[in-house]
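Observations on chain architecture
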Amino acid sequence: MSLDHAAVRHIARLARLAIADDQLESLRSDLERVLHLFDDLAAANVNHLAPLAHPHDQTLALRDDIVSEDDRSAQLLALAATAQGGYFLVPKVIE
Amino acid sequence: MNPVSIASISAELAAQRVSALELTDQALARAEHAAALNSFIRLDADAARGAARSIDAMRANGSDLQPLAGIPFAHKDIFCTRGIATTCGSRMLQNFVPPYDAHVVERLAQAGAVSIGKTNMDEFAMGSSNESSAYGAAANPWDHTRVPGGSSGGSAAAVAAGIVPFATGTDTGGSVRQPAAFCGITGLKPTYGRVSRYGMIAYASSLDCAGVLARSAADCAVVLDAIAGFDARDATSVERPGERTAAALSQPLAGLRIGVAREYFSGGVQADVADRVHAALRELQRCGATLVDIGLPNAHHAIAAYYVIAPAEASSNLARYDGVRYGHRAAQARSLDELYSLSRAEGFGAEVQRRILVGTYALSAGYYDAYYLRAQKVRRLIAEDFATAFAGVDLIAGPTAPTTAFRIGEKSGDALAMYAADVNTVAVNLAGLPAISVPAGFADDGLPVGLQLIAPAFAEARLLNAAHQLQQATDWHLQVPAGTP
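Residues numbered from 1 in each chain as written. Chains lettered and ligands numbered in written order. Predicted model: local features only at pLDDT ≥ 70, side-chain atom pairs only at ≥ 80, totals over all residues.

**Some points on the overall build of chain A**
- Assigned secondary structure in chain A consists of four helices and two strands.
- Radius of gyration (C-alpha) of chain A: 23 Å, far over the 12 Å computed for a compact globule of 95 residues.
- In terms of its C-alpha atoms, chain A occupies a principal-axis envelope of roughly 55 × 45 × 20 Å.
- Put simply, chain A has 95 residues, and 15% of those count as buried. (Helix = DSSP H or I, 4+ residues; strand = E, 2+ residues; numbered from the N terminus. Rg over C-alpha atoms; globule rule 2.2 N^0.38 Å. Buried ≥ 20, exposed ≤ 12 C-beta atoms within 10 Å, placed from the backbone.)

Here's what the structure looks like:
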């Protein structure tokens, strides 16, 4: 698998990571090396197998549909860099 | 002072020959003395002394206390601690003060154990050397020019240096076992689901597992019994009532079949590391166990599968760090999109960004089937390898890591060389099994070697008993670095 700079920019965009132009080449070569490691997967004989997403076959526990936690909105809003009137603040979205 | 067990410290406390406050002061003083190791991101002296005083008061009042009451320890800085900064080794969470405690933190506090601070770690637990920490690399107490391993490197160094008798850790691909091996201590990774992940900052949710770093298997058992058990706040937590491992450590090993996995001795395993592990296995044989040569034919696919699945899950888990609700927020963002991408670029270090990009790629349109789905199929292949092997043996053994601790800086510029260090540990996480690393002597370079034992799911009692019997017959786990108090 080979990557070009446009592909790296696309992945960074999907991941919402700002990357500078001078990082592009080193990131490209790093990622390409890691992706080569994955070539090994193609050699495994897995055609007959179902994917395993979770280590144990278990049924998720169900709980009663009742409120189990107090209102912590004030505590949680206090963690934000900027909040106002019970809301998180972000840069203006609509001009 | 020779290493002392949790049981013996507990007995001293019960007899009131030493107080929890004295032990806490001693641990804090040792941490200050060993500051060059950089094993702690923060010490919480006042909170620790307050907790110790309250245990001492309860004891003076005749309260019935648990075995860990008054024992100082340290938490890996991945566990949320209410009112105490929790950084996960990242600039992203430099100022994050959680409003709640992790399950493991609650349980150990309920048991009366006294946390003296938060230990250093690879950023977001992504690393095998502790070098990716935003708070600087930690050093190995056996040789300060070497890494302590990672990602729970600070916890391993703090225990090995005699600062605390035990520390918490997490193990997503070997992050408890490999640092335990590098630092000459015992590291337990329980079965996936045995210990609640509530409040444990997520890296790869289907692999993440809370664990214990301590001097001995017996000490790991005491701590496991305190932190294990069902917790409704973690949907993957497993209900297994009534299982106590500390009480099950006196079983003879006669009849125990240990599968020696030949793949774990191949490839890049240092010859002297393999020798020491074989010697430890012969000790287990002398204890009554039978050694059986076995194969895990798909073991060589584990690194590739792991380094697709873990970054894929990480890219999803770490999407929450957006600069809005908590964590680092870029000051210069002009739009919402810039707020996300600049906050993340400024807050995350290079290795975390690399894994997010790899994971994003593996999950992206056009590549999902070839990478993520295929890696999940390989994961099943690896789990089936273990299941087949466990039909004929009770435990599986091999070296924990292929080498002894490498030099600080030796692999930090080469991600693939670093990933290769996880070759013998990642498969265990893919299959969700419990495993332990126990000291197995010293390689020719004088550095510790670890023996890894792996058990079927939920067979921690069998695993810890075998490790304990080995430690009853040998003194490798009692060796400490020069200058250790």
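**Some thoughts on the overall build of chain B**
- Secondary structure assignment for chain B yields 15 helices and 11 strands.
- Taking 485 residues into account, the globule formula puts the C-alpha radius of gyration at 23 Å, and chain B, at 21 Å, falls close to it.
- Dimensions of chain B along its principal axes, counting C-alpha atoms only, are 65 × 55 × 45 Å.
- The buried share of chain B, taken over its 485 residues, is 63%.

**Some details on the interface of chain A and chain B**
- Counting from both sides, the interface comprises 40 residues of chain A and, opposite them, 54 residues of chain B.
- Those elements that provide at least two residues to the side of chain A that touches chain B are helix H1 (5-14), helix H2 (24-37), helix H3 (39-43) and helix H4 (73-77) of chain A.
- Per element, the largest residue contribution to the side of chain A that touches chain B is five residues, and it comes from H2 of chain A.
- Here the residues of the side of chain A that touches chain B sort into 30 nonpolar, four polar and six charged. (Contact = placed C-beta atoms within 7 Å. Nonpolar A, V, L, I, M, F, W, Y, C, P; charged D, E, K, R; others polar.)

**Comments concerning the confidence of the model for chain B**
- With 99% of its residues at a pLDDT of 70 or more, chain B has an overall mean of 96.
- Confidence metrics for the complex model read pTM 0.97 and ipTM 0.95. (pLDDT = per-residue confidence, 0-100.)

**Thoughts on the packing of helix H9 (residues 302-317) of chain B against helix H12 (residues 369-390) of chain B**
All names here are of chain B.
- Contact geometry for H9 and H12: axes closest at 9 Å, N-to-C directions at 125 degrees. The angle between the axes of H9 and H12 places the two elements in the oblique class. H9 and H12 meet at a crossing whose hand is left-handed. Contacts between H9 and H12 pair Ala302, Ala305, Val308, Ile309 and Ala312 from the former with Tyr371, Tyr372, Ala375, Gln376, Val378, Arg379 and Ile382 from the latter.
- For the contact of H9 with H12, the class distribution of residues is 10 nonpolar, one polar and one charged. (Axes fitted to C-alpha atoms, helices over the stretch in contact; angles between N-to-C directions. Parallel < 35°, antiparallel > 145°, perpendicular 65-115°, else oblique. Left-handed = near helix turned anticlockwise from the far one by under 90°.)

**Overview of the pairing of strand S8 (residues 290-294) of chain B**
All names here are of chain B.
- Sheet topology places strand S7 (residues 257-261) next to S8; five bridges connect them, and they run parallel. Across the sheet, Val260 pairs through a bridge with Asp293, a residue of S8.
- Following the backbone out of S7, through helix H8 (residues 271-286) and into the adjacent parallel S8, one traces a crossover that is right-handed. (Pairing = 2+ DSSP bridges. Right-handed = clockwise from strand over helix to strand, strands pointing away.)

**Focus on unusual backbone geometry**
Residue and element names in this part refer to chain B.
- The residue after Gly150, namely Ser151, is reached through a cis peptide bond having omega 10 degrees.
- With respect to the element layout, Ser151 can be found in the loop between strand S3 (114-119) and helix H5 (153-160).
- Here Phe124, not a glycine, exhibits a phi torsion of approximately 55 degrees, which is positive.
- Look at Ala125: it is not a glycine, yet its phi comes out positive at around 65 degrees.
- Position of Ala125 among the secondary structure elements: in the loop between S3 and H5.
- In this structure Ala125 comes out as buried when scored by C-beta crowding, with 31 C-beta atoms within 10 Å.

**Here's the deal with the sheet that holds strand S9 (residues 395-399) of chain B**
Residues and elements named next belong to chain B.
- Read across the sheet, 11 strands follow the order S1-S3-S2-S4-S6-S5-S10-S11-S9-S7-S8 without closing on themselves; strand pairing throughout is mixed. In this open sheet, the two strands that pair with only one neighbour each are strand S1 (40-43) and S8. The sheet shows a mean angle of 30 degrees between the axes of neighbouring strands, taken without regard to direction.
- Bridge analysis of strand S2 (residues 72-76) against strand S4 (residues 166-170) gives two bridges, and the strand direction is parallel. Considered in S4, the bridge of Ala74 is made with Ala167.
- Taken strand by strand, H8 contacts S7, S8, S9, strand S10 (435-442) and strand S11 (448-454), and its axis lies near 110 degrees from that of S10.
- Lying over the sheet, helix H15 (residues 460-473) contacts strand S5 (186-189), S9, S10 and S11, oriented at roughly 15 degrees with respect to S10.

**Quick word on the nonpolar core**
- Within the largest apolar cluster, 179 residues are counted, with the highest numbers of intra-cluster contacts made by Val308 and Leu453 of chain B.
- A total of 11 residues in this core trace back to one element, the largest contributor, which is H9 of chain B.
- Residues contacting Val308 of chain B, with those up to four places away along its chain left out, are Phe38 of chain A together with Ala362, Tyr371, Tyr372 and Ala375 of chain B. (Core = buried A, V, L, I, M, F, W, Y, C linked by C-beta atoms within 7 Å.)

**Overview of H8 of chain B**
All names here are of chain B.
- Across its 16 residues, H8 extends 23 Å between first and last C-alpha, which sits within 8% of the 22 Å expected from 1.5 Å per residue.
- Burial in H8 covers these residues: Val273, Arg276, Val277, Ala280, Leu281 and Leu284. In a view along the axis of H8, the buried residues occupy a sector of 145 degrees, so they form one face of it. Opposite the buried face of H8, at more than 90 degrees from it, the exposed residues are Ala271, Arg282 and Arg286.
- If you follow the buried residues of H8, they end up packed against S7, S8, S9, S10, S11 and H15.
- Downstream of H8 by one or two residues, Gly288 has phi in the positive range, about 115 degrees. (Expected span 1.5 Å × (residues − 1). Arc of directions from axis to C-beta.)

**Observations regarding the pairing of S9 of chain B**
Residues and elements named next belong to chain B.
- Within S9, five of the five residues are buried, leaving the element largely enclosed by the surrounding structure.
- Across three bridges, S7 lies against S9 in parallel orientation. Counterpart to Gly259 in the pairing with S9 is Ile396.
- Two strands pair when backbone bridges link them, and S9 and S11 are joined in this way by four bridges, in the antiparallel orientation. Residue pairing for S11: Pro399 is matched across the bridge by Leu451.

**Re helix H10 (residues 336-347) of chain B**
- Under the 1.5 Å per step criterion, the end-to-end length of H10 of chain B is 16 Å for 12 residues, consistent within 8% with the ideal 16 Å.
- Buried within H10 of chain B are the following residues: Leu339, Tyr340, Ser341, Leu342, Ser343, Arg344 and Gly347 of chain B.

**Comments concerning the environment of Gly173 of chain B**
Residues and elements named next belong to chain B.
- With respect to the helices, strands and loops of the structure, Gly173 is situated in the loop between S4 and helix H6 (177-183).
- The class of Gly173 is buried, set by 29 C-beta atoms lying within 10 Å.
- Along the backbone, Gly173 and Asn424 are 251 residues apart, and their C-alpha atoms lie at a distance of 9.3 Å.
- Those residues in contact with Gly173 that sit more than four places away from it in its chain are Leu207, Tyr306, Ala310, Asp422, Thr425, Val426 and Asn429.

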